Amino acid sequence: MGAGHGHGHASGESDKRWLAGALAVIGVFMLGEVVAGLLAGSLALLSDAAHMLTDAASIALALWAIRLAARPASGRMTYGWKRAEILSAQANGITLLVLAAWLTYEAITRLIDPPEVTGSLVLIVALLGVVVNLIATWMISKANRSSLNVEGAFQHILNDLFAFLATAVAGLVMLLTGFARADAIASLVVVALMVKAGVGLVRDSSRIFLEAAPAGLDPDTIGALLADRPHVAEVHDLHVWEITSGMPALSAHVLITPGEDCHAVRADLARLLAAEHAIEHATLQVDHVRPGEAGPVHCEEAHGAVYRSV
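Being a predicted model, the structure only gives us computed values, none of them experimental.

Cut-off values and rules
Residues numbered from 1 in each chain as written. Predicted model: local features only at pLDDT ≥ 70, side-chain atom pairs only at ≥ 80, totals over all residues. Heavy atoms only, no water. Buried < 20%, exposed > 50% of the residue type's maximum accessible area, 1.4 Å probe, protein only. Helix = DSSP H or I, 4+ residues; strand = E, 2+ residues; numbered from the N terminus. Pairing = 2+ DSSP bridges. Right-handed = clockwise from strand over helix to strand, strands pointing away. Phe/Tyr/Trp six-rings, centres within 6.5 Å; stacked < 30°, edge-to-face > 60°.

A. Inspection of the pairing of strand β3 (residues 247-256) at higher detail. Extensive coverage of β3 is indicated by the burial of 10 of its 10 residues. Because side chains alternate across β3, one face comprises the buried residues Met-247, Ala-249, Ser-251, His-253 and Leu-255, and the other comprises Pro-248, Leu-250, Ala-252, Val-254 and Ile-256, equally buried. Note that strand β2 (residues 232-244) and β3 share 9 bridges and pair antiparallel. Across the sheet, Glu-242 pairs through a bridge with Pro-248, a residue of β3. Counting the residues that bridge the hairpin from β2 to β3 gives 2 residues, and of these Gly-246 lies at a positive phi of roughly 80°. Pairing of β3 with strand β4 (residues 281-288) involves 8 bridges; the strand directions are parallel. Residue pairing in the sheet places His-253 in a bridge with Gln-285 of β4. Between the parallel pair β3 and β4, the chain is carried across by helix α8 (residues 262-277), and the sense of this crossover is right-handed.

Here's what the structure looks like:
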């Protein structure tokens, strides 16, 4: 048995500073937008404020997850709390989808019976919102977006930026033409963006929870690559998964030709996995083929695909 462990992904102190700064900017503006939305009677502004509330919650959740993920492995938590970040990302995705459903209902209601909306106030607040969200988006973009947790918070803020742009256009249309339904139409545009981001976050986080192979890592390709190395007779029980975003892991049972050094072969395979596929957390069980056997042993015990040297 041998294992090479490397934990390349980590959200550091700089990530926390950028996220905390974005949280402060978002929180202050959100309170002002609620007041403006009530005064203007604008669903678009109130929906933006509701989205900003989820933005603030998503950033706070991301900060909490980063804090948990930094805890070392101990006791029953043999991987530590790495997947707390994936829980955060999935919660962000589900929140986007739930909020999108509510806004769809409200927008359709207003399309049928549009209320009076103060277009000038909507336009002014929306333009201010664009500036605020540009600042917040820039802050979060400076953090490590290879983390699905940080990416979840970033998607919230980015969607809010698009929402403010759509709201500003709606405010301008209402101001120039008096077309009140523009407010609800802008909300539906935002809903479409929210659904796209929410589905992506739920899909990516679910793939990690189901321990599927990470995007870009093909188990068959990796198995064939390992089996093609010198002295390797067979590779089976190959598993490739992701502990958390940016932290792929692999385990496999490797059979080598009699008389070869198990430790040397294992070290060679570990170096290959790190160099070719950035897999630094690899657990490889290396055994010899039994002398006198016509072929590799344990084949009947293998689970999944079996890879043999050509």
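B. View of the environment of Gly-223. Locating Gly-223 in the fold gives a position in helix α7 (residues 219-227). Here Gly-223 falls in the buried class, since its relative accessible area comes to 0%. For the pair Gly-223 and His-236, spaced 13 residues apart in the sequence, the C-alpha separation amounts to 7.9 Å.

C. Highlighting the packing of aromatic side chains. Inspection of every chain in the model, using the stated rule, returns 2 aromatic pairs. Ring plane angle 85° and centroid distance 5.2 Å describe the contact between Trp-18 and Trp-138, whose orientation is recorded as edge-to-face. Of this pair, Trp-18 sits in helix α1 (residues 13-40) while Trp-138 sits in helix α4 (residues 119-141); the two residues are 120 residues apart in sequence, bridging distant segments of the chain. Judged by relative accessible area, which is 27%, Trp-18 ranks as partly exposed. Given a relative accessible area of 47%, Trp-138 falls into the partly exposed group.

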